[in-house]
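So the chains spell out like this:
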Amino acid sequence: MTTLSQNLHAVRTRIAAACEACGRSPQSVQLLAVSKTFSASDVAEVAACGQRDFGENYIQEGVDKIESLSAYHFVPALVWHCIGPIQSNKTKWVAEHFDWAHTVDRLKIAQRLNDQRPAHLPPLQVCLQVNIDGGATKSGVTPAEVLALAIDVAKLPKLSLRGLMTLPDPVDGFEAQVAVHTRARALFDEVRAVLNSPHFDTLSTGMTSDLEAAIHAGSTMVRVGTAIFGGRTYAGERPLG
Ligand SMILES: *Cc1c(COP(=O)(O)O)cnc(C)c1O
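Throughout what follows, the structure given in this document is the object of discussion. If you're wondering where the values come from, they're calculated on a predicted model, not measured in any experiment.

What counts and what doesn't
- Counting of residues starts from 1 at the beginning of each chain's written sequence and follows it residue by residue.
- Side-chain atom pairs in this predicted model are given and counted only at pLDDT of 80 or more, local residue features only at pLDDT of at least 70, and totals for whole chains, interfaces and linings cover all residues.
- To obtain the side-chain values, all non-hydrogen atoms of the structure were used and water was disregarded.
- Under the scheme applied here, a residue whose accessible area is under 20% of the maximum for its type counts as buried, over 50% as exposed, and between as partly exposed, the area being computed with a 1.4 Å probe on protein chains only.
- Each helix corresponds to a stretch of at least 4 residues labelled H or I by DSSP, and each strand to a stretch of at least 2 residues labelled E; elements are numbered beginning at the N terminus.
- Strands were regarded as paired on the criterion that DSSP finds at least two bridges between them.
- Geometry of aromatic contacts follows a simple scheme: Phe, Tyr and Trp rings, the Trp one being its six-membered ring, pair when their centres are within 6.5 Å, and the pair is stacked under 30 degrees between planes, edge-to-face over 60, tilted otherwise.
- We call a pair of cysteine sulfur atoms a disulfide whenever their separation is within 2.5 Å.
- Remark: nonpolar core denotes a set of buried residues (Ala, Val, Leu, Ile, Met, Phe, Trp, Tyr, Cys) joined through side-chain atoms within 4.5 Å.
- Working rule for contacts: check all heavy atoms of both residues, and any pair within 4.5 Å makes them a contact.
- Each residue is tested against the molecule or strand, and it is near if at least one of its non-hydrogen atoms lies within 4 Å.
- As used in this structure description, the phrase polar contact means that two N or O atoms lie within 3.5 Å; if the pair is within protein, one of them must be able to donate a hydrogen and the other to accept it, and residues adjacent in sequence are counted only when both atoms belong to side chains.
- Accessible surface is estimated by sampling points in the Shrake-Rupley manner with a 1.4 Å probe; for residues, cover comes only from the protein chains shown.
- For this classification, Asp, Glu, Lys and Arg are treated as charged, while Ala, Val, Leu, Ile, Met, Phe, Trp, Tyr, Cys and Pro are nonpolar and the rest, including Gly, are polar.
- The axes used here are C-alpha line fits, helices contributing only the stretch in contact, and every angle between their N-to-C directions lies in the interval 0 to 180 degrees.
- Roughly parallel means an angle under 35 degrees; roughly antiparallel, over 145; roughly perpendicular, 65 to 115; everything else is oblique.
- By the definition used in this description, the sense in which the near helix is turned from the far one sets the handedness, with an anticlockwise turn below a right angle giving left-handed and a clockwise turn giving right-handed.
- The crossover handedness rule: strands pointing away from the viewer, path from first strand over the helix to second strand clockwise, crossover right-handed.

Focus: the pairing of strand β8 (residues 221–224)
Of the two faces of β8, the one lined by Met221 and Arg223 and the one lined by Val222 and Val224 are each fully buried. By the bridge criterion, 4 bridges tie strand β1 (residues 30–34) to β8 in an arrangement that is parallel. Within β8, the residue paired with Leu32 across the bridge is Arg223.

Here it is, written out as structure tokens:
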């Protein structure tokens, strides 16, 4: 076994144990492998172990990987999730190349993604990013505004509104982590009750350091980078060219 396949196996084991500890089915939690800063060949290696969903933060870097990995023709196909900030000038790239966007937090961005989604592709799967812990500099719609945004986004025909996403600041201790994720779950349930859509089924929350707490609180998709691919050597957008 390679390091990457061992890491992936260890993460799946953590997810299964966390599900078991709170009486959930392991199938109720999807694993999104966050491959930002890692190479297309690393992604191919993890995909060869059966992982299909991959998350990218930096749109240009993600598109480069999507294009180079399309040559492998994985069956079933890889599913690409944009989990980084989406500026207006990047919506076209997301609409044309990704399957999911987790970070929609404004109607204007949703409308652009809708308008730019190519007709031959299925609707873009969308989560609304919520600023659940109120960090002042953070992206995400406020909890008070999320329902109104959800109602508007749900009307866009080339988007499929799948749920909510949160990226809380790290906190120490299981109980404190659970408390934050529980607020996200409560908001998710509130919005779901109003929308009453079978497609609204995804709470994207929890990462390497807090996936057990997120699963305990009701996350349905954990986004895990470090525990699969290892530590990252840069944090910002890779310089182009
Ligand atoms: C990098 C990143 C992750 C993965 O974080 P790890 O701590 O490496 O698991 C998850 N979600 C988002 C939005 C990220 O930017």
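Moving on from the model shown.
Describing the packing of aromatic side chains
Counted according to the given criterion, the structure contains 4 aromatic pairs. Consider the rings of Tyr72 and Phe74, whose centres lie 5.6 Å apart with planes at 5°: the pair is stacked. Since its relative accessible area comes to 46%, Tyr72 is described here as partly exposed. With 5.2 Å between their ring centres and 15° between their planes, Phe188 and Phe200 make a pair best called stacked. Here Phe188 is found in helix α7 (residues 174–195), whereas its partner Phe200 is found in the loop between α7 and β7 (202–204), with 12 residues between them in sequence. Of the two residues examined, Phe188 and Phe200, each falls in the buried class.

What about the state of the cysteines?
Enumeration over the complete set of coordinates arrives at 0 disulfides. With no disulfide of its own, Cys22 lies closest to Cys19 among cysteine sulfurs, the gap being 6.0 Å. Under the relative-accessibility criterion, Cys22 is labelled partly exposed at 26%. With no disulfide of its own, Cys82 lies 11 Å from the sulfur of Cys127, the closest cysteine sulfur. Cys82 sits in the buried class, given a relative accessible area of 0%.

Comments concerning the nonpolar core
Ranked by internal contacts, the top residues of the largest apolar core, which has 59 residues, are Ile15, Phe54, Val94, Leu128, Leu164 and Ile228. By residue number, the principal contributor to this core is helix α1 (residues 3–21), which donates 6 residues. Every residue in contact with Leu128, bar those within four places of it in the chain, is listed here: His102, Val104, Val146, Leu149, Ala150, Val153, Leu161, Gly163, Leu164 and Met165.

Notes on the site of the ligand
Taken together, 13 residues lie around the ligand, and Lys36, Asn57, Thr208, Thr226 and Arg232 are the ones closest in. Within the contact set of the ligand, an oxygen atom lies 2.7 Å away from a side-chain nitrogen or oxygen of Asn57. Take Gly225: an N or O atom from its main chain is 2.8 Å from an oxygen atom of the ligand. Here the ligand has 390 Å² of accessible area as a free molecule, and 90% of this is covered by the chains. Taken together, the residues that form the shell around the ligand break down as 6 nonpolar, 4 polar and 3 charged.

With respect to the packing of helix α6 (residues 146–153) against α7
Look at α6 against α7: their axes get within 10 Å of each other, and the N-to-C directions meet at 40°. Here α6 lies oblique to α7, going by the angle between them. Crossing of α6 over α7 shows right-handed handedness. Here Val146, Leu147, Ala150 and Ile151 of α6 lie close against α7, whose contacting residues are Leu187, Val191, Val194 and Leu195.

Here's the deal with the pairing of strand β3 (residues 79–82)
Across 4 bridges, strand β2 (residues 53–56) lies against β3 in parallel orientation. Directly across from Glu56, in β3, lies its bridge partner Cys82. Where the polypeptide runs from β2 across helix α3 (residues 59–69) and back to β3, its parallel neighbour, the crossover connection is right-handed. Bridging between β3 and strand β4 (residues 100–104) involves 2 bridges; their strand directions are parallel. Paired with Cys82 across the strands is Ala101, a residue of β4.

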